[in-house]
4 protein chains.
Amino acid sequence: MSFNTFGHLFRVTTFGESHGPALGCVIDGCPPRIPLTAADIQRDLDRRRPGQSRYTTQRQEPDTVRILSGVFADAAGGQEMTTGTPIALLIDNVDQRSKDYSAIRDKYRPGHAGYTYDVKYGLHDYRGGGRASARETAARVAAGAVARKVVPGLVVRAALVQIGPHRIDRANWDWAEVGRNPFFCPDARAAAQFAGYLDGVRKAGSSIGAVIEVVAENVPAGLGAPVYGKLDADIAAAFMGINAVKGVEIGDGFAVAQLSGEDNADEMRMGNDGRPRFLSNHAGGILGGISTGQPVVARFAVKPTSSILSARRTVDRTGRETEIVTTGRHDPCVGIRAVPVGEAMLACVLADHYLRHRGQVGEAPRWPRAASQDQ
Amino acid sequence: MSFNTFGHLFRVTTFGESHGPALGCVIDGCPPRIPLTAADIQRDLDRRRPGQSRYTTQRQEPDTVRILSGVFADAAGGQEMTTGTPIALLIDNVDQRSKDYSAIRDKYRPGHAGYTYDVKYGLHDYRGGGRASARETAARVAAGAVARKVVPGLVVRAALVQIGPHRIDRANWDWAEVGRNPFFCPDARAAAQFAGYLDGVRKAGSSIGAVIEVVAENVPAGLGAPVYGKLDADIAAAFMGINAVKGVEIGDGFAVAQLSGEDNADEMRMGNDGRPRFLSNHAGGILGGISTGQPVVARFAVKPTSSILSARRTVDRTGRETEIVTTGRHDPCVGIRAVPVGEAMLACVLADHYLRHRGQVGEAPRWPRAASQDQ
Amino acid sequence: MSFNTFGHLFRVTTFGESHGPALGCVIDGCPPRIPLTAADIQRDLDRRRPGQSRYTTQRQEPDTVRILSGVFADAAGGQEMTTGTPIALLIDNVDQRSKDYSAIRDKYRPGHAGYTYDVKYGLHDYRGGGRASARETAARVAAGAVARKVVPGLVVRAALVQIGPHRIDRANWDWAEVGRNPFFCPDARAAAQFAGYLDGVRKAGSSIGAVIEVVAENVPAGLGAPVYGKLDADIAAAFMGINAVKGVEIGDGFAVAQLSGEDNADEMRMGNDGRPRFLSNHAGGILGGISTGQPVVARFAVKPTSSILSARRTVDRTGRETEIVTTGRHDPCVGIRAVPVGEAMLACVLADHYLRHRGQVGEAPRWPRAASQDQ
Amino acid sequence: MSFNTFGHLFRVTTFGESHGPALGCVIDGCPPRIPLTAADIQRDLDRRRPGQSRYTTQRQEPDTVRILSGVFADAAGGQEMTTGTPIALLIDNVDQRSKDYSAIRDKYRPGHAGYTYDVKYGLHDYRGGGRASARETAARVAAGAVARKVVPGLVVRAALVQIGPHRIDRANWDWAEVGRNPFFCPDARAAAQFAGYLDGVRKAGSSIGAVIEVVAENVPAGLGAPVYGKLDADIAAAFMGINAVKGVEIGDGFAVAQLSGEDNADEMRMGNDGRPRFLSNHAGGILGGISTGQPVVARFAVKPTSSILSARRTVDRTGRETEIVTTGRHDPCVGIRAVPVGEAMLACVLADHYLRHRGQVGEAPRWPRAASQDQ
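By convention here, each chain's residues receive numbers from 1 onward along its written sequence. Chains carry letters from A onward and ligands carry numbers from 1 onward, assigned in written order. Residue-level local features of this predicted model are given only where pLDDT is at least 70; pairs of side-chain atoms are given and counted only at 80 or more, and the full residue set underlies all totals for whole chains, interfaces and linings. The basis for every side-chain value is the complete set of non-hydrogen atoms in the structure, without hydrogens or water.

Focus: the overall build of chain A
Comment: elements are numbered from the N terminus, with helices defined as DSSP H or I runs of at least four residues and strands as E runs of at least two. Looking only at helices and strands, chain A features eight helices and 18 strands. We compute the radius of gyration from the C-alpha atoms alone; for a globule the expected value is 2.2 Å times N to the 0.38, where N is the number of residues. Whereas a compact globule of 375 residues would reach a radius of gyration of roughly 21 Å, chain A reaches 22 Å, a difference of no more than 12%. Seen along its three principal axes, the alpha-carbon backbone of chain A occupies a region of about 70 × 55 × 40 Å. The buried label applies to any residue whose accessible area, calculated with a 1.4 Å probe on protein chains only, is under 20% of its type's maximum; exposed applies above 50%, and partly exposed to all values in between. Relative to its full complement of 375 residues, chain A shows a buried share of 71%. Any two residues whose heavy atoms approach within 4.5 Å are treated as being in contact. Of all intrachain contacts in chain A linking residues separated by at least 6 positions in sequence, the fraction that spans at least 24 positions is 70%. Surface accessibility of chain A: about 11000 Å² in total, with carbon and sulfur atoms responsible for 49%. His is not counted, nor are the chain ends; Lys and Arg add positive charge and Asp and Glu add negative charge. We put the charge of a Lys on NZ, of an Arg on CZ, of an Asp on CG and of a Glu on CD. Side chains of chain A give 45 positive and 40 negative charges; the mean places of these two sets differ by 4 Å. Residue-level accessible areas treat just the shown protein chains as cover; the underlying method is Shrake-Rupley with a 1.4 Å probe.

This is how it looks when you write it as C-alpha cells:
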C-alpha cells in the first residue's frame, strides 16, 4: 500500500519521483490568515538543494517552488495569506539525466529500495530510485516551511553531530556555525575534521553514515496525543520515515538503558515566571508522550547511501546473479542533506499536534489549574 | 488530544486506567474465520503479568481476559471464530490499592507523565499514573495475541539484551533460554548477571533502564506503505509509544553512522528456492520502508521508572516547591515487562501492513515479475 | 472490511452483537473536565430502550450503562469529570433468547443483512442479526449523550414526521408533544392517527417505513470541513449508516429540484445582535458544507424491518430455494426507535466538527472580520 | 477545518480554486500495473467541461489534464502503467476573468458559500467561489476516471432524471440517449421538454434544481465496511459533498417510508450461474451497508445555483444591508454538469471499498461458503 499523507489536522500529501516531470505537496488543514509567499518556502528549499558543495550530489536542481492554491489577498493591495484551504506546492524537475541509469536497468542495488519496490509493486523504476529517491524530501522541506508558521514563536533547528567515527564536541556547540560550513555542523573544529574525512570517502567512491540532532524551542507544554499519537511516537515515525534512517532517539535516547531512576528524573522547581521549570532535560522535552515545555530534542541516524563505486554482488530481475557498480551522481554522505529534512519533519509534527491539542482542549492554558478552565 | 487507536486496517483501540474498574481493547478489521478463544490471548497476558518474580511490581493482577464480541461458532458444535466485526476484550482491575498514592496526591513525580497530563488536561490522576500507567500495556498484549494469527506463519519474539551497563553476549543467544529466566534474557550467563545486579537496584529502592530486541520471522516481502506509512516508521511509532521508551533502532540502528556503503550493503544471491536471498541483514529486514523477506529486527530502549525511594525535588499543583518519594509498589526495571509488549506491538504493525498490502496489491506474489500479474 | 469507528477528533468506536454478552463503545478525544455520570447517559438510553410500548419489539433490555474509564474526580468529594482519555461504556445484553432464531438458521431473510454479511465474511450470525442488529444503536445513543455536552448550548431533538402514508401537519409541530406519545411525534393529532394505523400493521405481522426529522439548535456558524468533510456530507453518512436508512435530506432536500434560484436563496439582513440573520432556512443551516448559524435541519427515511410474518421466497446457505417466515420479536415500525438514534448521530457529528473547527481556526469568532483575528 | 482527502485505501486529495492558476488532485493507494494515460482521464473531463451547450456556463476551459507522477513504462517501448505510488494530476485554469466579480467583492450572495467561508476562515474569495466553486469538481472527475479502472468490469453511469417539475418517464430509459442530448437525459422525449423549459429559465436569468441518478453495474457482492463505513453511508457522504446537493437516496430512497415489509423485501431465488439472484432491487444493491451483487442505484438532488439576475437582499462584510445581483457567467441548471461528477464519486467510493474488502478478507469468494475459505 502506498501512503503518502502524514499528519492529522495539519496534513501533508506529497507526490513525485526522482525522474518524473515534477514533485510537490498538498498541505491541508493549515490555519487561515497566515501570511505566506513562495519566498518563505524557497529559503528552506535552498538549504536542502543539492550541488551546493562537493560533499553532496552534483545534480543541478534549482528547486524553484510555485504556490498553486490556498493563498489569497482579499484586501486590495493586501498580502497573500493562507485561506484555510489546500496549499498546493509544485517543484519542477529539470536535471533528470535518466541515461545514467540505463546500465543497471534490471539489476537490484544492494541496500537500496529498488528490490523491495519491485517485490511490492511489480515495477522497477531504475531511474535513480523513483519514488524512493531522496529527491522526494524537497516536498517535505516545502511543507515544513509552512508548518513553522503555525506554532507561534516556534524555532526548529538541526545540526549534524556525527559523520562516520567523528563526533562533535558538545562544548563547542554554536548554532551560528551551522550556517557556515557545508555540513550543518555546530562545531567549527569538527566541521574541519568532517571535511578532510569526507574528501577521502568521496574520492574512494564510497559513502558513510551520520547522526543528526533536531531541537525545537518554544514548544508549548501539553502537545501530544496519548497513547497512540504520543508526540515522541509521531516524531519517531516522522524521522524513521526519512530516507535511509535506521535509528531515532528522544532526549537521552539509548543512553537511558544505563541511567538510574535518580539520574533520569528531571527535577522541578518554580521558575521566576511562576511556571514550573526543570533542572535538566533527560526527557528531551517529552513525558508520557506530551511536551513538557522544555526544548524538544531528538536525533536520528542515517545510513550510507547505496550508490557506491565498488562492485557489490547482486541479482537481476530475471533471477540471474550478477554484480553492480553505481556510477551516477550521488551523495558521499546523504545525511548532510537530511538536516533540513529533519527540521521540516519535526516542524510538521509540532504544527499538527498544536492544532490537535487546540481541537480537544481549546486555547486556555491548563496550568496552573483554575476553576475558570472548566467547561 | 487523546488518540487511543492505532493501525489502519487492523485497528486497535484501547481504554482504561491503572486504578479504574477495568481496561481493555476493541480490535476492528480483523479478518473473519480465524479460530480464536480467550485462552489464545491469556497465554500472552500471562507472560506480561506483574508479580511473577521479585524483579517486577508486586501488584497482584490475574489479568483474566474476556471476549465480549466478534467471535461466533456458526456451525453446531463448531469452534469459535472471528466474525470480521469488532473483537472487544475486557480485563478487570482487581488490586488497585489507591490509598498507596494519597501521600503524593498533589505532587508531580519527576520523570513521570503526571505533570504533562495535568498541563494538558487540567486533571491529575495521582493513582498510579492513570492512563499513563504501564498497566495499559495489558490491552496491547491482548491485541497482539490476535494480531499474531493474522499473518500466516508469522513468529514474533523478543528478548532483553541489556540492563544498565550489562549487555548479553550475542554468541550465547538461545531463544529457548528466554522462557527460563525472569528477564526474558536469551543468554543464560547474562541472566545470572542481571539477577545479581537487579537485586542491588531493587534493594536500593532505585530503578534502571534496559534495551529490548524484537525479531519477526516469516514476514512476507513487500509489506510497508511508502513514504509516510513505511514499515519501519510504523514500528518506530509503535515502539516509541510504549511507556518509557526513548530510542528505537531498525537493523544496525545507530551503528550505521559508522558504516561505509560497502559494509552496509546487504549483498544478494539466488537462493535454492529460486528467490533472492541476502548475505547479511544490516537493514533489519526493511529497505525503503518495505520488508525484504528477511527477519525484521528492531530494538528499543526503556528508561528507568520514576517510582524510586530517593527523594527528588519537585513542585506541587499549587506551585509550591517540595520533595517527593514514591513508596508504592513498583518495577525496579520496567523494561522487563516491556518484552511481551514489544512483541505485541510488532505483531500488530505487521498484521496491519499485511492487510494494507493485500488491499492495494492483492494476493498474487509480485516476484519474479510475470505478465500474469498484470491486471 | 469492518469499520466501527466514526469521527475525527471526537471519535466513537462501538462493538457488540445482538446476542453476545454485551455491547458498548469507546469515546476517544472528548475534551477534559466535562462533568459526566452514568445517569447522564442512561437518560438517553431509556428513550431508545425497546419494549416501552406495543409498537416496538418486546425484547426486555434494561440497557443499564456502566462507565469503565475516562472519568475521575480529582478533588476530594468532587464530581466525576471527563479526563480527556478514552471513555469506555458497557451495556450488558440480558434477554437474548437465541432459540427464537434456530428455525431460520441457514435461511437468508429477504431485505436483511444476513446474506451480505455471509457473502462478505463467510459467517451467518442467524441470532437476530448479530452485528447488523438495531441493538448496536444503543452504543450510538450512549455516545451521543456525551457528545451533547461537548458543544456549549447545543440542543439536538428529533421527531417522527411520517409513518407509511401518514405525514404530520407541520402547523401542529410542538416539541413538548414528542415526549407524550410512543412515536416521538410532534403533532398530537397525527400521533393518534399513527396509533390506529400501526396497530393494524402490527396485528397483520407486517411492518412499515417512516421518516424522522432531526433539528440541532445553537450550532455555531463555521462548522464543517470542506470539501470532503463537509458538515452535511458527514451528517449524510451518519444518518445513512443507521440501520435501515435509505434516504437523507438537508434543509429542503429533494424539494430543491423544483426550486428556482430566487426561491432557494435564503436572503440576509442584519439582526439586532449585530450579526447577520437569514430570512428563511431552505439550506437547513448549511451552505458550502459549513454551518450558517441557523438551526441544522435534516431528515432520513427508514425502511420497514424485514422481520415479518408473511412467507417470502428465499434461498439458504447451501444454495437451496426455500421460504422464510420470521416469528421472533420485532418492531412493526423500526423507525420509531431510530428517533433518539438520529439525535445521537447528529450530536456526535456536531461535537466532532466543533473540535475540528477549533483545531484549525481556534476559538476567536471570525465574523465580523477584524485585524485582531490574524495570527 | 479543511479536509480535502477522501477514501481510505484509494485516497483522493484535491486542491485548487476557481480563479487560481491551477487545480488538480493526488490519487494515493491505486493498485500498480494498471495501464493509464492522460487520454483515459481526458475523456471523462471532456464530458464535464463547461461551455459545451447554452445550458451550462460559458466559461471556456479546455480542462487539459497532465499526469505529473505515478505512472511509468518499465519495459522498453512498453505502455505507461500505474506504479502504486501517488498519481498527481494537474489542470490549468485558463479563463478566470476575475474582473467579473469586482462589483460584488464585499457582498455575500444568498444561498452561496461565500458567507460561511468568511465566517469560518475570515477570508472572502469573491472570485467565483474560490474553493467552493463547482470548478473543483474537475479534479473529482479526473480521479474518478482512474477509479473506474480499479474494479474489474465495473461500469458506472449517470443520468439526469428531473429538472424542476419535469421528470423522465422511466419506461423510456435508454442509456444510449444520455450521450445524445446536452442534459445527460436517458429519455429523448423528456430531453426535448427539458430544452424548452431550461431556455426559459436561462433567458429569465434564473436557475433551477435537478435530480441525478447514478447506477453502478458489476459491483462485486460483499463491498462495504459496517457499521460506520457502510457502502451506502460512504456513497451518501460522497454525493452530499458534491456542490449544491441537498438530498441522497439509495434504491427506493424516501419511498420506503410508504412501503410494507412485504413489498420492500427483495426475494431471492437461485440463478442459472449457481449464485443467488434477487427478484427486485428495492435495496438499490446494498443491504446492511454491504453490496448484494445487484446494481448499486443512488440518486441525489441538486439545488439551483445562487448566481441569478434578480436582486436579492443581503449584507456585506462590514455588516451593512444591501442587495446583490450576479451578472457573471453561470449555469442555469448546475445539476447538468453534476452528472459526470456523480459517476466519478461513485466510482471512487467503489474502488476504495473494493480495496478495503480485499484487505480484510482477501480475494477468495466467500459464497457459497466452503471449508477452503478458512484461514
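The discussion continues.
Quick word on the packing of helix α3 (residues 137-147) of chain B against helix α8 (residues 338-361) of chain B
All names here are of chain B. Every angle, taken between N-to-C directions, lies between 0 and 180 degrees, and every axis is a line fitted to C-alpha atoms, over only the stretch in contact when it is a helix. Direction vectors running N to C along α3 and α8 enclose 50 degrees, while the axes themselves pass 8 Å from each other. As summarised for this structure, α3 and α8 are arranged oblique, according to the angle between their axes. At the point where α3 passes α8, the crossing takes the left-handed sense. Touching T137, R140, V141, A143, G144 and A147 of α3 are P340, V341, A344, M345, A347, C348 and A351, all from α8. Charged residues are taken to be Asp, Glu, Lys and Arg, nonpolar residues to be Ala, Val, Leu, Ile, Met, Phe, Trp, Tyr, Cys and Pro, and polar residues to be all remaining types, Gly included. Split by residue class, the contact of α3 with α8 holds 10 nonpolar, two polar and one charged. Each angle is binned into one of four classes, with values under 35 degrees roughly parallel, values over 145 roughly antiparallel, values of 65 to 115 roughly perpendicular, and all other values oblique. We call a crossing left-handed when the near helix sits turned anticlockwise from the far one by less than a right angle, and right-handed when that turn is clockwise.

Description of the packing of aromatic side chains
Only centres within 6.5 Å qualify two rings of Phe, Tyr or Trp (six-membered ring in Trp) as a pair; their planes then separate them into stacked at under 30 degrees, edge-to-face at over 60, and tilted for everything else. Applying the stated criterion to the full structure yields 38 aromatic pairs over all chains. Taking the centre distance of 5.0 Å and the plane angle of 80 degrees together, the rings of Y108(C) and Y115(C) count as edge-to-face. For the pair formed by Y108(C) and Y115(C), the shared burial category is buried. Ring plane angle 75 degrees and centroid distance 5.7 Å describe the contact between F278(C) and Y115(D), whose orientation is recorded as edge-to-face. Here Y115(D) lies in helix α2 (residues 114-121) and F278(C) lies in strand β13 (residues 276-278), a pairing that spans two chains.

Description of the sheet that holds strand β4 (residues 65-67) of chain A
All names here are of chain A. Each pair of strands is called paired provided DSSP finds at least two bridges between the two strands. Spatial ordering of the open sheet is given by β1-β2-β3-β7-β4, a layout of five strands whose pairing is antiparallel. In this open sheet, the two edge strands, each paired with only one partner strand, are β1 (5-6) and β4. Across five bridges, the pairing between strand β2 (residues 11-15) and strand β3 (residues 22-28) is antiparallel. Across the sheet, F15 pairs through a bridge with G24, a residue of β3. Of the strands in this sheet, β4 and β7 (87-92) touch helix α1 (residues 38-48), which is tilted by about 155 degrees from β4.

Considering the sheet that holds strand β10 (residues 210-217) of chain A
Pairing is antiparallel in the open sheet, where 10 strands are placed in the order β9(A)-β8(A)-β10(A)-β16(A)-β11(A)-β11(B)-β16(B)-β10(B)-β8(B)-β9(B). Strand pairing shows two members of the sheet lacking a second neighbour, β9 (166-167) of chain A together with β9 (166-167) of chain B, which therefore form its edges. Across three bridges, the pairing between strand β11 (residues 245-250) of chain A and strand β11 (residues 245-250) of chain B is antiparallel. What sits directly across from G247(A), in β11(B), is E249(B). Across the sheet, helix α6 (residues 231-240) of chain B is in contact with β11 of chain A together with β10 (210-217), β11 and β16 (296-302) of chain B; its angle to β11(B) comes to roughly 155 degrees.

So, the interface of chain C and chain D
With 113 residues of chain C at the interface, the matching set in chain D holds 114 residues. Summed over both partners, the interface of chain C with chain D comes to about 9600 Å²; 60% of that surface belongs to carbon and sulfur atoms. Note on terms: buried area is the combined drop in 1.4 Å-probe accessible area of two parts once they are placed together, counting the loss on both. Ranking the residues of chain C by area buried against chain D places M1(C), Y228(C) and K246(C) at the top, with a combined share of 9%. Within this document, salt bridges are pairs made up of a side-chain nitrogen of Lys or Arg and a carboxyl oxygen of Asp or Glu, the two lying within 4 Å of each other. On inspection of chain C and its partner chain D, the count reaches six salt bridges. Each polar contact in these results corresponds to two N or O atoms within 3.5 Å; when the atoms are within protein, one needs to be able to donate a hydrogen and the other to accept it, and residues that are neighboring in sequence are counted only if both atoms are side-chain atoms. Taken together, chain C and chain D are joined by 63 residue pairs in polar contact (both at pLDDT 80 or more). In terms of residue count, the dominant contributor to the side of chain C that touches chain D is helix α2 (residues 114-121) of chain C (seven residues). Split into classes, the residues belonging to the side of chain C that touches chain D amount to 52 nonpolar, 37 polar and 24 charged.

Observations regarding the pairing of β10(A)
All names here are of chain A. Burial within β10 is extensive, with seven of its eight residues counted as buried. Bridge count for strand β8 (residues 155-163) against β10 is eight bridges, and the pairing is antiparallel. From the neighbouring strand, V155 faces β10, where its bridge partner is E217. In the sheet, β10 pairs with strand β16 (residues 296-302) via seven bridges, with the strands oriented antiparallel. Its bridge partner lying in β16, V215 is registered against V297.

Considerations on the interface of chain A and chain D
If you look at the interface, chain A gives 46 residues, while chain D gives 46 residues. Together, the buried faces of chain A and chain D total about 3500 Å²; carbon and sulfur atoms form 62% of this surface. Linking chain A with chain D are zero salt bridges. At the boundary of chain A with chain D, the tally comes to 12 residue pairs in polar contact (both at pLDDT 80 or more). Broken down by element, the side of chain A that touches chain D gets its largest block of residues, four residues, from β2(A). Its residues assigned to classes, the side of chain A that touches chain D shows 20 nonpolar, 16 polar and 10 charged.

Here's the deal with the confidence of the model for chain A
Residue and element names in this part refer to chain A. Every residue carries a pLDDT, the predictor's confidence in it, which falls somewhere between 0 and 100. Averaged over every residue, the pLDDT of chain A is 92; the share at 70 or more is 94%. Counting contacts from residues 370-375, a segment whose pLDDT is below 50, to residues more than four positions away or on other chains yields 11 contacts. Interface confidence for the predicted complex, given as ipTM, is 0.96, next to a pTM of 0.96.

Topic: the relation of the copies chain C and chain D
When the copies are superposed, the least-squares fit draws on C-alpha atoms of residues that have pLDDT of at least 70 in both. The transform that puts chain C on chain D rotates by 180 degrees and translates by 0.0 Å along the axis, for an RMSD of 0.0 Å. Classification of the inter-copy transformation places it as that of a two-fold axis. Both copies share a contact surface, since 100% of the interface residues of chain C are interface residues in chain D too.

Thoughts on helix α5 (residues 188-203) of chain A
The terminal C-alpha atoms of α5(A), which comprises 16 residues, lie 23 Å apart, in line with the 22 Å expected from a rise of 1.5 Å per residue. Taken together, the buried residues of α5(A) touch β8 and β9 of chain A. Any helix carries an expected span of 1.5 Å times its number of residues minus one.

Section: unusual backbone geometry
Residues P226(C) and V227(C) are joined by a peptide bond in cis, for which omega reads 0 degrees. Turning to its location among the elements, V227(C) is positioned in the loop between β10 (210-217) and α6 (231-240). Look at R33(A): it is not a glycine, yet its phi comes out positive at around 65 degrees. In this structure, R33(A) sits in the loop between β3 and α1.

As for the relation of the copies chain A and chain D
For these two chains of identical sequence, chain A goes onto chain D by a turn of 180 degrees and a shift of 0.0 Å along the axis, with RMSD 0.0 Å. Mapped onto chain D, 100% of the interface residues of chain A again fall at the interface, so both copies present the same surface.

Thoughts on the pattern of salt bridges
For the structure on display, the rule yields 115 salt bridges over all chains. A salt bridge links R54(A) to D199(A), with the shortest nitrogen-to-oxygen separation between them at 2.8 Å. With R54(A) in the loop between α1 and β4 and D199(A) in helix α5, this residue pair connects regions lying 145 residues apart in the sequence. Assessed through its relative accessible area of 46%, R54(A) is described here as partly exposed. R313(A) is the salt-bridge partner of E267(B), the closest N and O atoms lying 3.0 Å from each other.

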